[in-house]
Amino acid sequence: MTAPDLTLADVLQPAWRVSPRVRALVTTRNGGVSLPPFGRWKDGVDQPGGLNLGRRAGDDPAAVEINRARLLALTGASAAWLEQIHGAEVVNAADVLAGAQQGAAPVRADASVTGQPGTMCIVMIADCMPVLLCDANGRAVGAAHAGWRGLAAGIVEKTAMRVADLAGSGIEGLHAYLGPSIGPTAFEVGADVRDAFMKGVDGAQRDATSRAFVPRAEAAGKYFADLPALARIRLNQMGITQITDANACTVTERERFYSYRRDSETGRMAAMIWLAD
């Protein structure tokens with residue numbers, strides 16, 4: 001399998017003002033060797049050259065390993081891969097790496113944190129929102145896989161608290177990056193999802209949460225949910241106001257992103273953050 005190497009032109013990088021020690025990027029569907037339906041989208045056709053990083057997506061395992069190797073070559077860091085379960089468990093990335101080196105089973109969690117240089121916190125996505133966190137001085141970082149279940153269960157708040165603790169700083173000093181996810185005009189949900197977010201909130205937070213769910217006039221009991229808005233509400237409630245949004249929809253931007261909601265059989269991208277030496 002041959003294809004041009006993965007380069008920075010194939011990925012997204014947060015436009016935030018933090019220490020140069022903080023390195024972060026989000027992959028797209030481009031820059032790898034996977035074949036359709038895990039390929040890249042060009043000229044209206046799914047073509048060879050996709051950067052699928054998910055081992056359980058149904059892709060050729062050899063292609064996935066080549067893609068992962070390309071990613072690690074680009075970053076120069078060691079990735080703490082997780083077995084994501086749409087929960088709110090946060091782990092230490094260094095512990096994940098140590099376990100993997102000893103042949104342990106993959107760690108089941110949806111977020112990791114670290115203050116150790118060269119150790120990469122990484123989550124895979126294909127519509128769920130990745131939230132990357134760091135302190136401005138580059139002492140600690142974290143990555144959270146924030147689908148609606150994890151977001152409602154507090155995954156972002158728990159990750160932020162762990163990053164702040166590692167950095168030895170206040171929560172309000174953290175920066176957050178909201179990566180590509182299913183957009184507010186594509187994410188149709190039922191009343192159960194709205195209820196999960198409305199539960200236990202009041203005042204201005206309740207009003208803002210309600211506004212993040214737009215009723216569908218043509219479908220009773222259905223709403224369009226705004227994941228980035230819901231994350232902002234929760235971050236702001238903690239005192240985190242330095243938030244950068246990718247403003248990218250995985251569903252509508254077919255040429256750049258994989259989307260499970262759009263295609264069902266598809267690849268996985270990854271969002272990652274680490275500290276340089």
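Residues numbered from 1 in each chain as written. Predicted model: local features only at pLDDT ≥ 70, side-chain atom pairs only at ≥ 80, totals over all residues. Heavy atoms only, no water.

### Concerning the packing of aromatic side chains
Next up, step 1: Evaluation of the coordinates by the stated rule reveals three aromatic pairs.
Next up, step 2: Aromatic pair Phe197 and Phe213: ring centres 5.9 Å apart, planes at 50°, arrangement tilted. Here Phe197, found in helix 5 (residues 191–198), pairs with Phe213, found in strand 14 (residues 213–215); they are 16 residues apart in sequence, far enough to count as distant.
Next up, step 3: Classification of Phe197 by relative accessible area gives buried; the value is 2%.
Next up, step 4: Taken together, the ring pairs in this structure connect Phe197, Phe213 and Tyr223 into an aromatic cluster.
Next up, step 5: Against the face of Trp81 rests Arg68, its NZ or CZ located 3.7 Å from the ring centre.
Next up, step 6: Lying across the ring of Trp41, Arg254 places its NZ or CZ 4.6 Å from the centre. (Phe/Tyr/Trp six-rings, centres within 6.5 Å; stacked < 30°, edge-to-face > 60°. Helix = DSSP H or I, 4+ residues; strand = E, 2+ residues; numbered from the N terminus. Buried < 20%, exposed > 50% of the residue type's maximum accessible area, 1.4 Å probe, protein only. Lys NZ or Arg CZ within 6 Å of the ring centre and 35° of its normal.)

### Focus on unusual backbone geometry
Next up, step 1: That bond from Pro36 to Pro37 is cis: its omega, 10°, falls within 30 degrees of zero.
Next up, step 2: With respect to the helices, strands and loops of the structure, Pro37 is situated in the loop between strand 3 (30–34) and strand 4 (40–42).
Next up, step 3: The backbone phi angle of Asp43 is positive, close to 55°, even though this residue is not glycine.
Next up, step 4: Owing to a relative accessible area of 65%, Asp43 belongs among the exposed residues under this scheme.
Next up, step 5: Positioned with a positive phi, Asp127 is a non-glycine residue whose angle comes to about 150°.
Next up, step 6: Residue class for Asp127 comes out buried when judged on its relative accessible area of 9%.

### Section: the pairing of strand 17 (residues 269–275)
Next up, step 1: Of all seven residues that make up strand 17, seven are buried, and the element is covered over most of its length.
Next up, step 2: Side chains of strand 17 alternate between two faces, with Met269, Ala271, Ile273 and Leu275 and Ala270, Met272 and Trp274 buried alike.
Next up, step 3: Sheet analysis places strand 2 (residues 22–27) next to strand 17, joined by five bridges and oriented antiparallel. Within strand 17, the position partnered with Val26 by the bridge is Ala271.
Next up, step 4: Bridge analysis of strand 9 (residues 119–125) against strand 17 gives five bridges, and the strand direction is antiparallel. The residue bridging Val123 from the neighbouring strand is Ala271, located in strand 17. (Pairing = 2+ DSSP bridges.)

### As for the nonpolar core
Next up, step 1: One finds Met129, Val131, Leu151, Ile155, Phe213, Leu235 and Ile240 to be the most contacted residues of the largest nonpolar core, which totals 40 residues.
Next up, step 2: Considering every element that reaches this core, the biggest residue donor is helix 4 (residues 155–167), with six residues.
Next up, step 3: Each residue touching Ile155, except ones within four places of it in the same chain, is listed here: Gly87, Ala88, Glu89, Val90, Asp110, Ala111, Ala144, His145, Ala146 and Gly150.
Next up, step 4: Counting 30 residues, the second largest nonpolar core, distinct from the first, contains Val18, Ala93, Leu97 and Leu275. (Core = buried A, V, L, I, M, F, W, Y, C linked by side-chain atoms within 4.5 Å. Contact = heavy atoms within 4.5 Å.)

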